[in-house]
Amino acid sequence: MYVIGTAGHVDHGKSVLVRALTGIDPDRLPEERERGMTIDLGFAWLKLPGGHEVSIVDVPGHERFIKNMLAGVGGIDLALLVIAADEGVMPQTREHLAILDLLHVKNGVIAITKKDLVDSDWLEMVAADVSDVVKGTALEDAPVVACSGVTREGLDELVQTLERELAQTPPRRDIGRPRLPIDRVFTVAGFGTVVTGTLIDGSLRLGQEVEITPGGLRSRVRGLQTHGQKVETALPGSRTAVNLSGVSPHELARGQVVALPGAVRPTIAVDARVRALSSLPRPIRHNARVSFHSGAAEVWGRLRLLDRDELRPGDEAWAQIRLDAPAALLKGDLFVIRDANETLGGGAVLDINVRRHRRHDPATLRTLAALERGSPKDTLLALIGSRQPLDVKSLLKLSEWSEDESRQALAGLLDSGDVVAPGGDPENGVLFTREGFDALGEKARQAVASYYRDHPLRRAMPKEELRSRLKLDPRTFGQAAKAWLDTGLLEEVGAGLALPGRRVEPSARQQAQIDAFLRALSASPYAPPTDSRLDDELLAYLEDQGLVVTVNGIAFHSAAYEEMVARIVGRLTEQGRIALAEVRDMFGTSRKYAQALLEHLDERRITQRVGDERVLREGRTKGQ
């Protein structure tokens, strides 16, 4: 399915030509018919001699309605540039031509209309002028046909030319991710809410669940029409009317997108490659306010130039556009930017939902260059690099390629080692670039080394503290830590991670303190003194060495602790229950120590409290 879009100056005969070609009046609004001027988008369809039907979008030519023109021209496959023979090239002819160029509309036919109003010499002069104007644009080699929508002279030749050019036009891609940018919303009696647009990137089926975004409204496809005919499936590239259930027309607006649930996330910031029109009278300044047009959407925002302070006419730049309101966009979408009065330029979306970048940052500019190169591998590598860690599901949504193409590219990147799945399972894990994961490993190593400087007597950094320092979620940290242990970057010590070969040794003064402390614990093993505590670092060292166990703030010699636990578990195994007073009497200690020990065993899930007594937790036996 193909879509032809008209373009050209106001009153150059676009609507008359469409009506003559199709028999359908594209001017649907009463005020359009009264004024004889297209204000909003009009739609029709044409059956070509070969039997194929094509859609036609008729756009307004008046400069006041350029935003309506932009809403319609974004989804076309071939441009029908209309120039009236009696007036020739006019201001909106040039602006529409520039917009077609910015939106990469490479296929077109130029129709010189109102042929019946001029003589052959004048017509020849207009044709020469047209040839000069299109030179250097995407329509430079477009065929030119002189015709009249009133006398119908030249219409057969025009239709044949359109068919010939469309035969050379690549079909719309189908990547299984349908999107319908909404350009009209209305109600049909007995059916309810209907939206129309040009379907791209995939097919829509009757009964399919869809999401309208921005807005997050859920609906179901109640009906589909193409060219006035009901269909079970609408194909990419077709003008499509979708009857939506469960939503009101008041909830919808031009610029929203109908897509599969979760397939398109709204964004308020995009990275892009922007080109300024060569016809601009002045440069575009950094931080300029611009009107952003993509698909059927129009949103105001601010243009941040990332590699320069101004964008001169005809030049290109890396930029970030921060929007005032969310827009439903994907990588690869084309756009046009305007100010209040004129078209400034346009480009392609390279990335969505992006963070604010530092300007003139070499790493950022390298990433954008990789995204612009556009091969599947370059795209995926850049997307992972800018967001790592990233899971496969999120990566596939961000990619402009089909799922099969993206998965094939990802497999190649994993095989080459350019991308790393530290957990060993890409589908259920996270992805890093090799460079990014190496940098994260070095950051982890430095974090542990820094921990040693603050805690010189500790063998390992607690895992949770390292995870927090690295700002990783538990799943990502677990997978990364496993990879670091497997490669020997770090080693596991108890509940912590250490640098390989880490050894600690207290000073002579510290060793004397330790010896005295251990003697004091051994002298009163079941009621250790609490008034001769070591400093926290020495106590942590003793715990690391397995010489001391701290129980709710009380330090026990490890031998005494193991004995006490074994005896309590043994008693419970024999008699089933034990009270605090019985524990106190078993060890000739005080209530304070007995209570601290029992609460500690509850925390370790060795025992559990039942009333005023303890019992073994299910599954515990003597010696455990």
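Because the structure is predicted, anything quoted here is derived from the model rather than measured.

(A) Up close: the environment of Gln208. Relative to the elements of secondary structure, Gln208 occurs in the loop between strand S10 (204–205) and strand S11 (209–213). By relative accessible area, which is 12% here, Gln208 ends up buried. For Gln208 and Thr589, which are 381 residues apart along the polypeptide, the C-alpha to C-alpha distance reads 73 Å.

(B) Here's a closer look at the side chain of Ser399. Counting through the fold element by element, Ser399 comes out in the loop between helix H9 (392–398) and helix H10 (403–416). Reaching out from Ser399, the side chain makes a polar contact with the backbone nitrogen of Trp401 at a distance of 3.0 Å. Each residue touching Ser399, except ones within four places of it in the same chain, is listed here: Arg177, Leu380, Leu383 and Ser406.

(C) Representation of helix H15 (residues 536–544). All of the buried residues along H15 are Glu537, Leu538, Leu539, Ala540, Tyr541 and Leu542. Summarising the contacts, the buried residues of H15 are in contact with helix H11 (434–454), helix H14 (508–523), strand S30 (548–551) and strand S31 (554–557). In this structure Asp535 caps H15, since a side-chain oxygen of it lies 3.0 Å from the backbone nitrogen of Glu537. Looking one or two places after H15, you find Gly546, whose phi comes out positive at around 75 degrees.

(D) Geometry of the packing of helix H7 (residues 362–373) against helix H8 (residues 376–387). It is at 7 Å that the axes of H7 and H8 come closest, and there the two elements cross at 150 degrees. One element, H7, and the other, H8, form an angle in the roughly antiparallel class. Seen from above, H7 lies across H8 with left-handed handedness. Seen from H7, the contacting residues are Thr367, Ala370, Leu371 and Arg373; seen from H8, they are Asp378, Thr379, Ala382, Leu383 and Ser386. Among the residues making up the contact of H7 with H8, the classes are represented as four nonpolar, three polar and two charged.

(E) How the structure looks around the sheet that holds strand S17 (residues 266–276). Strand order in this closed barrel of six strands is S17-S22-S20-S19-S23-S24, and the pairing throughout is antiparallel. Going across the sheet, the axis of each strand differs from the next one's by a mean of 40 degrees, ignoring polarity. Those strands touched by helix H4 (residues 91–102) are S17, strand S23 (334–338) and strand S24 (343–352), and its axis lies near 15 degrees from that of S24.

(F) Expanded view of the nonpolar core. Formed by 81 residues in total, the largest nonpolar core has its most connected members in Ile284, Phe292, Leu303 and Ile337. At seven residues, the largest contribution of residues to this core is made by strand S22 (residues 316–328). Leaving out residues up to four positions away in the same chain, Phe292 has contacts with Val270, Ala297, Glu298, Val299, Ile321, Leu323, Leu329, Phe335, Val336, Ile337 and Val349.

(G) Here's a closer look at the sheet that holds strand S33 (residues 607–610). Judged by pairing direction, the sheet is antiparallel, and its three strands sit side by side in the order S32-S34-S33 without closing on themselves. The open sheet is flanked by strand S32 (578–579) and S33, the only strands paired with a single partner. Note: S32 against strand S34 (residues 613–616), two bridges, orientation antiparallel. Directly across from Ala579, in S34, lies its bridge partner Glu613. The sheet strands contacting helix H16 (residues 558–575) are S32, S33 and S34, and the helix crosses S34 at an angle near 85 degrees.

(H) Region of the structure containing the packing of helix H17 (residues 580–587) against helix H18 (residues 591–603). Following both chains from N to C, one finds H17 and H18 inclined at 115 degrees, their axes separated by 9 Å at the closest point. When the axes of H17 and H18 are compared, the crossing they make is right-handed. Residue-level contacts link Leu580, Val583 and Arg584 of H17 to Arg591, Ala594, Gln595 and Leu598 of H18. Residue classes in the contact of H17 with H18 are distributed as four nonpolar, one polar and two charged.

(I) Representation of the pattern of salt bridges. Applying the stated rule across the entire model yields 35 salt bridges. In this structure, Arg172 and Asp77 form a salt bridge, with 2.6 Å as the shortest nitrogen-oxygen distance. Here Arg172, found in the loop between helix H6 (155–167) and strand S7 (179–181), pairs with Asp77, found in the loop between helix H3 (66–73) and strand S4 (78–84); they are 95 residues apart in sequence, far enough to count as distant. Assessed through its relative accessible area of 23%, Arg172 is described here as partly exposed. By relative accessible area, Asp77 is classed as buried at 8%. Three or more residues are tied together by salt bridges with common partners; here these are Arg173, Arg179, Asp201 and Asp333.

(J) Representation of the pairing of strand S20 (residues 297–305). Across seven bridges, strand S19 (residues 288–294) lies against S20 in antiparallel orientation. Along S20, the bridge assignment pairs Ala288 with Leu303. What sits between the antiparallel neighbours S19 and S20 is a turn of two residues, in which Gly295 has the positive phi angle 60 degrees.

(K) Structural detail: the packing of aromatic side chains. Evaluation of the coordinates by the stated rule reveals five aromatic pairs. Ring geometry for Tyr526 against Phe587: centres 5.2 Å apart, planes inclined by 45 degrees, an arrangement best described as tilted. Of the two residues, Tyr526 sits in the loop between H14 and H15 while Phe587 sits in helix H17, which places them 61 residues apart along the sequence. Judged by centre distance (6.4 Å) and plane angle (80 degrees), the ring pair of Phe556 and Tyr593 falls under edge-to-face. Within this pair, whereas Phe556 is found in strand S31, its partner Tyr593 is found in helix H18, the two being separated by 37 residues in sequence. Look at Phe556 and you get buried, because its relative accessible area is 0%. Exposure remark for Tyr593: the relative accessible area of 9% places this residue in the buried category. Linked through ring pairs, Phe432, Phe437 and Trp484 together constitute an aromatic cluster. Here the guanidinium or amino end of Arg273 rests over the ring plane of Trp318, the centre of that ring lying 4.2 Å away.

(L) Summary view of the side chain of Thr226. As for its placement among the helices and strands, Thr226 is situated in strand S12 (residues 217–226). Overall, Thr226 belongs to the buried group, its relative accessible area being 11%. Excluding residues that lie within four positions of it along the chain, Thr226 makes contacts with Met1, Val231, Ala234, Ser238, Arg239 and Thr240.

(M) Highlighting unusual backbone geometry. A cis geometry characterises the amide bond from Thr213 onward to Pro214, with omega recorded as 0 degrees. Within the element layout of this structure, Pro214 appears in the loop between S11 and S12. Of the consecutive residues Gln388 and Pro389, the connecting peptide bond is found in the cis state with omega at 0 degrees. Along the chain, Pro389 falls in the loop between H8 and H9. Non-glycine residue His104 carries a positive phi angle of around 60 degrees. For Asn353, which is not glycine, the phi torsion reads 50 degrees and is therefore positive. Structurally, Asn353 can be placed in the loop between S24 and H7.

About the thresholds
- Residues numbered from 1 in each chain as written.
- Predicted model: local features only at pLDDT ≥ 70, side-chain atom pairs only at ≥ 80, totals over all residues.
- Heavy atoms only, no water.
- Helix = DSSP H or I, 4+ residues; strand = E, 2+ residues; numbered from the N terminus.
- Buried < 20%, exposed > 50% of the residue type's maximum accessible area, 1.4 Å probe, protein only.
- Polar contact = N/O pair within 3.5 Å; in protein donor to acceptor, adjacent residues only side chain to side chain.
- Contact = heavy atoms within 4.5 Å.
- Axes fitted to C-alpha atoms, helices over the stretch in contact; angles between N-to-C directions.
- Parallel < 35°, antiparallel > 145°, perpendicular 65-115°, else oblique.
- Left-handed = near helix turned anticlockwise from the far one by under 90°.
- Nonpolar A, V, L, I, M, F, W, Y, C, P; charged D, E, K, R; others polar.
- Pairing = 2+ DSSP bridges.
- Core = buried A, V, L, I, M, F, W, Y, C linked by side-chain atoms within 4.5 Å.
- Salt bridge = Lys/Arg side-chain N within 4 Å of Asp/Glu carboxyl O.
- Phe/Tyr/Trp six-rings, centres within 6.5 Å; stacked < 30°, edge-to-face > 60°.
- Lys NZ or Arg CZ within 6 Å of the ring centre and 35° of its normal.

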